[in-house]
Amino acid sequence: MNVEVAQLTDSFWLYKVGIINYYLYKGEKVVLYEAGLSCTASKLLEELDTEPDYIIVPHSHFDHVCGVSLIVEMYPEVKVVAHEKLSNLVSKEKVLNAWAADNMQLCKNLYGLDEEVDVSKIRIDVSVREKDKIADIEIMETPGHSPDCISAYFRKENVLLVSDSLGFPLSSGKILPMFFYNFDEYYENMKKIEGIKPYVLGLAHNKCLIGEDCDKFVENAISETITLY
């Protein structure tokens, strides 16, 4: 599994680890957006040269939360941030066991790794809602893909990290819509993202867009979502 590192702006770096995109903000505080799988988090930690003050977990699907267990083990002082709805899940044994099983299966299928994860280490330290701030980063509630999906916006550099709120970019160039929770909220938040017109648009998987490519991607995501619906 390769790790590709790219500087996006003065303050943001992309760490592309397998199918997971991690975003690192370096300001007065260091913020990591994304936890990923345990196997991708393990690889990320081999390359990360800065201790994060915060890690923002974008939503409660296993491929975005299981990496928390390894990150907090490496950096015990880090504050784990998530939507308050996700915070309510980490005490539920059935949810934790499902996360662990799905994490193990995907790490094995994608990378041939028999990856067991100690989900008991997953914790949420800071619960957030719309317009809350973590360091200099604004939290946006963008449900639709999941009820607890949050995006992160750094206004100064017009960087918007949206996780799976716009769908999954396929190698064919198509975008797979992922309104798993609620279509109306998914569509409403895509339109909200469209109105921001970000300079950097950070997706959870495969792609990160810069400049005019951001607007084109959002337009295509909306179009393909309407078509599928």
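Scroll up a little and you will see the structure.
In this report, we go over the structure that sits alongside the text. What you see is a predicted model; the values in this text were computed from it and never measured. (Residues numbered from 1 in each chain as written. Predicted model: local features only at pLDDT ≥ 70, side-chain atom pairs only at ≥ 80, totals over all residues. Heavy atoms only, no water.)

## What about the sheet that holds strand E9 (residues 137-141)?
Sheet architecture is open: 6 strands sit in the order E8-E9-E10-E11-E14-E15, paired in mixed fashion. In this open sheet, the two edge strands, each paired with only one partner strand, are strand E8 (133-134) and strand E15 (208-210). Here 2 bridges tie E8 to E9, and the two strands are oriented antiparallel to one another. Bridging from a neighbouring strand, Ile134 pairs with Ile137 of E9. Lying on the sheet, helix H6 (residues 183-196) is in contact with E9, strand E10 (150-154), strand E11 (159-163) and strand E14 (200-203); it crosses E9 at an angle near 145 degrees. Lying on the sheet, helix H7 (residues 212-228) is in contact with E14 and E15; it crosses E15 at an angle near 125 degrees. (Pairing = 2+ DSSP bridges. Helix = DSSP H or I, 4+ residues; strand = E, 2+ residues; numbered from the N terminus. Contact = heavy atoms within 4.5 Å. Axes fitted to C-alpha atoms, helices over the stretch in contact; angles between N-to-C directions.)

## Some thoughts on H7
For H7, which comprises 17 residues, the first-to-last C-alpha distance of 25 Å matches the rise-based estimate of 24 Å (1.5 Å per residue) to within 8%. Of the positions making up H7, those classed as buried are Cys214, Phe217, Val218, Ala221, Ile222 and Thr225. Seen end-on, H7 carries its buried residues on one side only, within an arc spanning 130 degrees. What points out from H7, more than 90 degrees from its buried face, is the exposed set Glu212, Glu219 and Thr227. Residues of H7 that are buried sit in contact with strand E12 (168-169), strand E13 (175-176), H6, E14 and E15. (Expected span 1.5 Å × (residues − 1). Buried < 20%, exposed > 50% of the residue type's maximum accessible area, 1.4 Å probe, protein only. Arc of directions from axis to C-beta.)

## Concerning the sheet that holds strand E4 (residues 30-33)
Spatial ordering of the open sheet is given by E1-E2-E3-E4-E5-E6-E7, a layout of 7 strands whose pairing is mixed. Unpaired on one side and paired on the other, strand E1 (3-7) and strand E7 (126-128) mark the two borders of the sheet. Adjacent strand axes in the sheet meet at a mean angle of 20 degrees, parallel and antiparallel pairs treated alike. Bridge count between strand E2 (residues 12-17) and strand E3 (residues 20-26): 6 bridges; the pairing is antiparallel.

## A closer look at helix H5 (residues 93-111)
With 19 residues, H5 ought to run about 27 Å at 1.5 Å a step, and its terminal C-alpha atoms sit 27 Å apart, in line with that. Inspection of H5 places Leu96, Trp99, Ala100, Asn103 and Cys107 among the buried residues, and these make up the whole buried set. An end-on view of H5 places all buried positions within 95 degrees of arc, on one side of the element. Projecting away from the buried face of H5 at angles above 90 degrees are the exposed residues Lys94 and Asn109. Buried residues in H5 make contact with helix H1 (38-47) and helix H2 (62-65).

Remember, this is a structural readout, not a statement about activity or role.
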